[in-house]
Every structure is written in C-alpha cells, then in structure tokens.
Amino acid sequence: MAVIPVEHGLMLATVLFSIGLLGLLVRRNILYMLMSVEIMLNAAGLAFIVAGARWSQPDGQIMFMIILTMAAAEVAVALALVLRFYRQFQTLDTDAANTMRG
Amino acid sequence: MNFVNSLLWTIPALPLAGFITLALFGDRIARRSVSRIAVGTVSLSALLALVFAFRFVTAPPEGQAFQQALWSWIHVGSFSVDAALRLDSLSMVMVLVVTVIGALIHLYSTEYMADDESYTRFFAYLNLFVAAMLTLVLADNLLFLFLGWEGVGLCSFLLIGFWYEDPKNGRAAAKAFLVTRIGDVFMLIGMLLLFWHFGTLHIQTLLGAVNTEGHSWHLTLAALLLLGGAIGKSGQVPLQVWLPDAMAGPTPVSALIHAATMVTAGVYLIARMNPIFIHAPGIQHLVAVIGAVTLLIAGLCALAQRDIKRVLAYSTVSQIGYMFLALGAGAWSAAMFHFFTHAIFKALLFMAAGAIIVALHHEQDMFKMGGLRRRMPLVFWTYLIGSLSLAALPLVTAGFYSKDKILFEVFTSEHGKLLWAVGVAGAFITALYTFRMNFLVFFGTQKSEIHKGTGLAMALPLMLLAAGATVVGFFELPAVFGHFTLFSSFIEHTLPGTHGDHASHSLELMLMAVSTAAVFAGIAVAYFIWGSAAKKSSDVTKRPLSRLLASGMGFDWLYERAIVSPYSAGARANAADAVNALYTALVSGIEAIAFSLARTQSGRLRWYMAAIAFGAVVGILLVVYA
C-alpha cells in the first residue's frame, strides 16, 4: 500500500481550511456559512489523521472522532439557531442581524 | 461643702442646657418662656459664680483653684486631653464678668429684641455664646480652651450675621470670621508647637515645664504664634479690621461679645500663658508695641466716625490696646483690672447706645441725633457715667483707676517711657472722641423724633452697670490713695506680681497729674469743637484726613488691594480650573479611543470572523517566529 506523503495530506487540509475560511468570509447566507464551518472542521480532522498516520499513533483518529461528535452537536444547535434566525428576520442574510452594533 | 465645689461644671452647663432647649423646642415655646429660660440659665450661672467667688475668698481652695475633671476627651498614645475645669483667681474674674454682665445683657435683650421675629434664635445663640465663653475661661487644657475659643468665634459669626436678610450683614459676619480665623490658625500652630516640644497641652503642667526650661527659641516662636491668635480675637493691629464691621449685629451682641467678653479672650490667653511670654521678652515687648500702636490708631479712627456704634467699636479696639500695652509691660494685674472695668463701662455704653438706637427707630448716625439730654434723662446720665469712666475722669470713675494703674506700671517698666507717652496721648484722644460723642448725641438741637421709651428691662441693667462703673474702681486704689489692692492681691494668686511698688509717691502723683491733664484737655477740646456748634463739624467728613480716619486708616483699603482683589482675580482667572483641565483631557482622550473601538462592533458576523482569523494568524506567527 502506497504511503501518502505527510506533506500532501497537510497541503490538502490547508486548502480545505482556506476554502472554508474564504467561504465564511464572503458568504452572507447563514446556511452556506455553516457549510463552510463544516469544511474547516473536516480540514482540521484530516490534519489530525495525517499526523496520526505519520507517527503511527491512534491519537489522531481519536481526535477525529471527537471533532466529528462536536461537529454533529454544533450542527444540531446551529440549525435550531438558523430556524430562530429565519423566524426573526425573514431572511438568511447574516448582515440583517447587525442590530447590536456599537 | 464639697458638694458645692462639685457643681463647678454647671456654670458652663446651664447656658448650654438653655441653648439646647431653645434650639430643639424653641418653636414650641411661648416668647415669655423663651426669655425665662435664656435669662434664667445665665442668671443661675451668675449666682453660682458669685457663690464660688464668695467661697474662694472665705475658704480658699487647695492650690488657690477649684478643679474638676469631667471626662477624658481624647486619649491616643501619649496624647491625652481631659475635659477638665479649673477655676483660679484669673478665671474667676473672667467668669464673673461673663456671667454677671451676660445675665444683665440677656435681661436687656428681652426688651431690645422684643419685636424681632427670630427672638428664640437670638437667645439660643446668646446662650451658646455664654457656654462657649465659660468653657474658654474655665478650661484646664489648651485644646479644651480652643474648643471654647472656636465656639465663641462661631457664635460671633452667627450673631453678627443675625439679620441675614441684608447681605451687608452677612459680609460683615464672614469678614469677622475669616479675619479671626487667620489668628486662630496661628494659635493652633502655636499649640501644636507647644505639644511637640513639651508633650502636653495641660495648662498647669505646660507652664511648669516652661518655667523649668527657661529661655529657648521654641518658647519665643510659641509666644509669637499665640500672640497671633490673641491679636485676631482681640482686634489688634493689623487684624483689627473686623471689629468695626461686626457692629452689624444687634446692639446687645456688640455689648456682650464685641465689647465685654469675647474680644478680651486674647488678653486672657496672654495672661494665662504669661510664663511663655515672660521667657520670651522680645515677644512680650512686641505685645506692648502692638497695644500702643493699636490704641493710637483706633482712637484716631474713633474721632471721625459718624455711626455711634462704630465709635464704640473703635474705642473697644483702643481700650484692648491698653490691655495689651499693660500685658507687654508685665503689668498683668493692671491688664486684668482694665479688662474688668472696661467690660462694665463698655457694656454700659453699648446698652445705652442701644436704648438710643431703639428710641430713634434704628438711627445710628450721631449727626442725626442731638439734644437727647432732656428727652432721655436716664440714658443720658448712665451714658455720661460710662463715658466718664471710658475717658478716665479722675477719682470717681472705675476707668481712671485701671487706666492709671496701666500707665503708671508701663512708665516704671523697662523702656516704658515712650510707650507711656503713647498711652497718655491715647488718654487725650479717648477723652476727645468720648465727649465728641456725648456732645453730638445729647446736646445741641434735637433732630430726630423719639418713637419709644426705655422700659424696665433695659433701664435696670443700665443703672446697675452705671453703679458698677463707679464703684469697681475702688477695688484697687493706687499707693498714694491708701494703697488698697483688693483686686490685684486677688488676681496675683494666679498672675505674677508687679514691679512698680518701689516707685516713689511723688512720681506716681506726677504721672497721675499728667494723665489727668490729658483727660481734661481732651474734654475741653471736644467742648470747643463740638460742644457749642455741633452743625459746623458735620461736613468735616469731607476732608481727606477725616475720610482716611473714617475708613479706619485705610487698612480695609489696603487689604482689599493687597489680598482680597488679587485673590479674587486669581480665582476668576482660574474659574475654568487649570488643574482640572488635565483630568478632563484624560477623560476625553479615553472616550475618543473607546468610541473608535466601539465602531468595530459592527454587528456583521463576517467581519468578526475576519478579525478572529487575522488574530489567529498573528498569534501563530508570534508563536512560531518570536
């Protein structure tokens, strides 16, 4: 089985993280922003897996399991928030919710 | 009879109780009861004082003083102040004057103030004053004395500004308070110096320590500072400016506070602290010089006043100048004797003047009086007796014996010749202004209508004091007239004796003749100027010299230019408060930063995200590269 070099894995994780961050910054639709956050979480998980494989340690996979669990919990809460958000503002645009500006 | 001795505390406590009653329940008490409480408490104090005086003579207490410790007032480490009373012969004289004359003035006030709407307030203040003054003279500790000292200052302020609806009176009250406060600060520093050096403020212990220490710069400085306090309270040059303005208060107040008692607190202080001054001969000489300068300046100012009360006020300043002169010359008992006679005849003069002022519907200008001799015979005769005593008419008046004792002892003291000459010149001026006043008020043509007669409550004190102004002189006769020294042998239980006894009788007679000649010359000149043609002198006030004298030798003008104006100008210039500007700038700077940072709180989620990401990047870069 060909071993994937650790540099490639980390590069992929970096690209994914950047795409997620960029999406978070440019998107105004709250659903897309949530998806971007998921992509960033997955990038982080991938980085753990790669690192775990590199040093042949199970810790990386354990961390990935924790991230998955946390992402599930996060989505559960976030979707409930999105529903409340839509009821409140009749839109999914986050900039509509800037009423607490200083 | 120890029980009577233990009643010492009631002498100041009775007027204090009167004050508390009037202050708390005054508005629920009928006027008649108010005057009963006020006059009653002070009269009881006077009776008690007389009992103590009687016991003092018949059964002299141990150590020539009644003592009573009341409670421990302050006790911190080695510093302890007891609220203790001590009644020796010096205090005895003061207490008798304060209570007896105080009681007479209270009685007089019941009629004088009868129509005033703040009747209760007046008597409450007056009772408080008597209580504070008694604390001052009975205190056995300098700090306790200072309590009374400030108490009388407060009452003086309250009573000068009694008719506070007129802002002029309020200004006079504030002026009196501030000017005496300058002296009080000196006195406080002096007390602190004494405590720092001797470790106690208990007067007897302190004076004992002073006598064992002898001459030192501490004592010289302390004497100077105490003198500062005495000058402020007693209206001596250069702090005399408040006393003439203090006449804004009701006339009984002028009689009690600004003639008989409070203004002589400075004399009492110096007499009480006499060892300090004896061991600081330079300062003691300064006391005499201040007294001489004051008696001359104030006497000259009294010559040009139109207001009858201001004449009396300047006269008071001048007579206290005599007392200071005596203190400075080491004639302690003569100073106290003059205090004693002056309290009587000056209270008499003020009260008689008050009777005239009431009769003429609050007219105080002497040039609008005149010819009152026939219309107000009682007031005329009592006023004349008081005036003769003030002018020191020989043989029959109290003022003669006390003033002559001062002049004689000043002459026989060291470097006393010049001071004596000033004193004799002062005697001439005293006679001159006293009889100017008499001729203007009682002789000539009548210019104002009399609205109101003099009732019994006002007449009785006048008659009693008129009798006193004649009789008390015989308590102390000079060597040539039998050498009867009731007063000085009494007071010399406390104060050091005099030195002039060895002087020859011929010298004494000669000095007496000179001062008598000065007095008669004064009366004669007054008769020639004001006795015959009173109206001629009314425009005298337009001449520059008279204007200068009428304004009190320009002291007010000088202080206005030198102190008050620069101070107010500074205050106005700094109205925006330069120091505060620094703090305002600090506040507005922080505010500006806070507002600009608040703008980043835009409510836009994506901006927050960008900020977090940026922060994370910076953080990582710092961790990796720094």
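So, how was this worked out
Residues numbered from 1 in each chain as written. Chains lettered and ligands numbered in written order. Predicted model: local features only at pLDDT ≥ 70, side-chain atom pairs only at ≥ 80, totals over all residues. Heavy atoms only, no water. Helix = DSSP H or I, 4+ residues; strand = E, 2+ residues; numbered from the N terminus. Buried < 20%, exposed > 50% of the residue type's maximum accessible area, 1.4 Å probe, protein only. Contact = heavy atoms within 4.5 Å. Areas by Shrake-Rupley, 256 points an atom, 1.4 Å probe, with all protein chains shown as cover. Lys, Arg positive; Asp, Glu negative; His and termini not counted. Charge placed at Lys NZ, Arg CZ, Asp CG, Glu CD. Rg over C-alpha atoms; globule rule 2.2 N^0.38 Å. Buried area = accessible area lost by both parts, 1.4 Å probe. Salt bridge = Lys/Arg side-chain N within 4 Å of Asp/Glu carboxyl O. Polar contact = N/O pair within 3.5 Å; in protein donor to acceptor, adjacent residues only side chain to side chain. Nonpolar A, V, L, I, M, F, W, Y, C, P; charged D, E, K, R; others polar. Axes fitted to C-alpha atoms, helices over the stretch in contact; angles between N-to-C directions. Parallel < 35°, antiparallel > 145°, perpendicular 65-115°, else oblique. Left-handed = near helix turned anticlockwise from the far one by under 90°. Domains from an automatic or database assignment. Core = buried A, V, L, I, M, F, W, Y, C linked by side-chain atoms within 4.5 Å. Patch = residues over 30% accessible without salt bridge, like charges linked within 9 Å, V, L, I, M, F, W, Y side chains within 5 Å. Pairing = 2+ DSSP bridges. Expected span 1.5 Å × (residues − 1). Phe/Tyr/Trp six-rings, centres within 6.5 Å; stacked < 30°, edge-to-face > 60°.

1. A few points about the overall build of chain B
Okay, so step 1: If you tally the helices and strands in chain B, you get 27 helices and 2 strands.
Okay, so step 2: For chain B, buried positions account for 56% of its 626 residues.
Okay, so step 3: Here the contacts in chain B between residues at least 6 apart in sequence split such that 82% fall between residues at least 24 apart.
Okay, so step 4: Summing over all exposed atoms, chain B offers an accessible surface of approximately 25700 Å²; the carbon and sulfur share of this is 70%.
Okay, so step 5: Positive and negative side-chain charges in chain B, numbering 37 and 31 respectively, have mean positions lying 10 Å apart.

2. With respect to the overall build of chain A
Okay, so step 1: Helix and strand content of chain A: 3 helices and 0 strands.
Okay, so step 2: Rg of the C-alpha trace for chain A: 17 Å, well past the compact-globule value of 13 Å for 102 residues, more than 25% over.
Okay, so step 3: If you line up chain A on its principal axes, its C-alpha atoms span 55 × 25 × 25 Å.
Okay, so step 4: Considering only contacts in chain A between residues 6 or more positions apart, those separated by 24 or more positions represent 55%.
Okay, so step 5: Of the accessible surface of chain A, which amounts to about 7100 Å², a share of 71% is contributed by carbon and sulfur atoms.
Okay, so step 6: Once the 6 positive and 6 negative side-chain charges of chain A are each reduced to a mean point, those two points are 12 Å apart.

3. So, the interface of chain A and chain B
Okay, so step 1: With 14 residues of chain A in contact, the opposing surface of chain B contributes 10 residues.
Okay, so step 2: Across the chain A to chain B interface the summed buried area is about 970 Å²; carbon plus sulfur atoms make up 61%.
Okay, so step 3: In this structure, the connection of chain A to chain B is made through 1 salt bridge.
Okay, so step 4: For the interface between chain A and chain B, the tally reads 2 residue pairs in polar contact (both at pLDDT 80 or more).
Okay, so step 5: Sorting elements by how many residues they give to the side of chain A that touches chain B places helix α1 (residues 6-26) of chain A first, with 4 residues.
Okay, so step 6: Within the side of chain A that touches chain B, the residues separate by chemical class into 7 nonpolar, 3 polar and 4 charged.

4. Notes on the packing of helix α4 (residues 89-112) of chain B against helix α11 (residues 251-260) of chain B
Residues and elements named next belong to chain B.
Okay, so step 1: Running from N to C, α4 and α11 point in directions that differ by 165°, and their axes come no closer than 9 Å. Relative to α11, the element α4 is oriented roughly antiparallel. By crossing handedness, the relation of α4 to α11 is classed as right-handed. Two secondary-structure elements touch here, α4 through Val97, Ile101, Gly102, Ile105, Tyr108, Ser109 and Tyr112 and α11 through Thr251, Pro252, Ala255, Leu256 and Ala260.
Okay, so step 2: In the contact of α4 with α11, the residues fall into 9 nonpolar, 3 polar and no charged.

5. With respect to the domain arrangement of chain B
Okay, so step 1: Examined at the domain level, chain B breaks down into domain 1 (340-358 + 368-543) and domain 2 (558-625).
Okay, so step 2: Spacing between the C-alpha centres of domain 1 of chain B and domain 2 of chain B amounts to 71 Å.

6. Quick word on the nonpolar core
Okay, so step 1: Leu145(B), Phe277(B) and Met336(B) are the most contacted members of the largest nonpolar core, which totals 213 residues.
Okay, so step 2: At 22 residues, the largest contribution of residues to this core is made by helix α16 (residues 332-359) of chain B.

7. Some remarks on the environment of Val287(B)
Residues and elements named next belong to chain B.
Okay, so step 1: Take Val287: it is sitting in helix α14 (residues 281-303).
Okay, so step 2: A relative accessible area of 1% places Val287 in the buried class.
Okay, so step 3: Sequence separation between Val287 and Phe350 is 63 residues, and the spatial gap between their C-alpha atoms is 27 Å.
Okay, so step 4: Those residues in contact with Val287 that sit more than four places away from it in its chain are Leu227, Ile270, Phe277, Phe324, Leu327 and Gly328.

8. Some details on a nonpolar patch on the surface
Residues and elements named next belong to chain B.
Okay, so step 1: Together, Trp196, Trp217, Leu221, Leu224, Leu286, Val289 and Val293 make up a nonpolar patch on the protein surface, roughly 650 Å² of accessible area in all.
Okay, so step 2: Elements that contribute at least two residues to the nonpolar patch include exactly α9 (217-234) and α14.
Okay, so step 3: Locating Leu224 in the fold gives a position in helix α9.

9. Overview of the pairing of strand β1 (residues 65-76) of chain B
Residues and elements named next belong to chain B.
Okay, so step 1: As judged from the 10 bridges shared by β1 and strand β2 (residues 79-88), these two strands associate in the antiparallel manner. Its bridge partner being in β2, Ser72 is matched across the sheet by Asp82.
Okay, so step 2: Taking the residues that link successive antiparallel strands as the turn, the β1-β2 hairpin has 2 residues, and the phi of Gly77 there is positive, at about 55°.

10. Description of unusual backbone geometry
All names here are of chain B.
Okay, so step 1: At the junction of Val237 and Pro238, the peptide bond is cis and its omega measures out at 5° in the coordinates.
Okay, so step 2: Relative to the helices and strands, Pro238 is located in the loop between α9 and α10 (242-245).
Okay, so step 3: Phi is positive for Leu395, which is not a glycine, with a value near 70°.
Okay, so step 4: Turning to its location among the elements, Leu395 is positioned in the loop between α18 (377-391) and α19 (398-412).

11. Observations regarding α1(A)
Okay, so step 1: Along its 21 residues, α1(A) runs 30 Å from first to last C-alpha, staying within 8% of the 30 Å computed at 1.5 Å per residue.
Okay, so step 2: Residues of α1(A) that are buried make contact with α2 (30-54) of chain A together with α27 (605-625) of chain B.

12. Considering the packing of aromatic side chains
All names here are of chain B.
Okay, so step 1: Counted according to the given criterion, the structure contains 25 aromatic pairs over all chains.
Okay, so step 2: Relative to Phe177, the ring of Phe157 has its centre 5.0 Å away and its plane inclined at 50°; by these criteria the two rings are tilted. With Phe157 in helix α6 (residues 142-160) and Phe177 in helix α7 (residues 167-198), this residue pair connects regions lying 20 residues apart in the sequence.
Okay, so step 3: Centroid distance Phe435 to Phe439: 6.1 Å. Interplanar angle 55°. Geometry classified as tilted. Pair noted here: Phe435 and Phe439 are both in helix α20 (residues 417-442), with a separation of 4 residues, about one helical turn.

13. Some points on the packing of α16(B) against α19(B)
Residue and element names in this part refer to chain B.
Okay, so step 1: Orientation of α16 relative to α19, taken along the N-to-C sense of each, is 155°, at an axis distance of 9 Å. In terms of orientation, α16 lies roughly antiparallel with respect to α19. For the crossing formed where α16 meets α19, the hand is left-handed. Taken together, the residues of α19 that come into contact with α16 (itself represented by Ser333, Ala334, Phe337, His338, Thr341 and Phe345) are Ala398, Gly399, Tyr401, Ser402, Lys403, Lys405, Ile406 and Glu409.

14. Considerations on the pattern of salt bridges
Okay, so step 1: A full pass over the atoms with the stated rule returns 13 salt bridges over all chains.
Okay, so step 2: Measuring nitrogen to oxygen at the nearest pair gives 3.9 Å for the salt bridge that ties Arg28(A) to Asp95(A). Of this pair, Arg28(A) sits in the loop between α1 and α2 while Asp95(A) sits in the segment after α3 (59-89), and the two are 67 residues apart along the sequence.
Okay, so step 3: Among the residues examined, Arg28(A) registers a relative accessible area of 42% and is labelled partly exposed.
Okay, so step 4: A salt bridge links Arg306(B) to Asp365(B), with the nearest nitrogen and oxygen atoms 3.1 Å apart. Of this pair, Arg306(B) sits in the loop between α14 and α15 (308-328) while Asp365(B) sits in the loop between α16 and α17 (372-375), placing them 59 residues apart in sequence.
Okay, so step 5: Through salt bridges with shared partners, a single network forms among Arg28(A), Asp93(A), Asp95(A) and Arg606(B).

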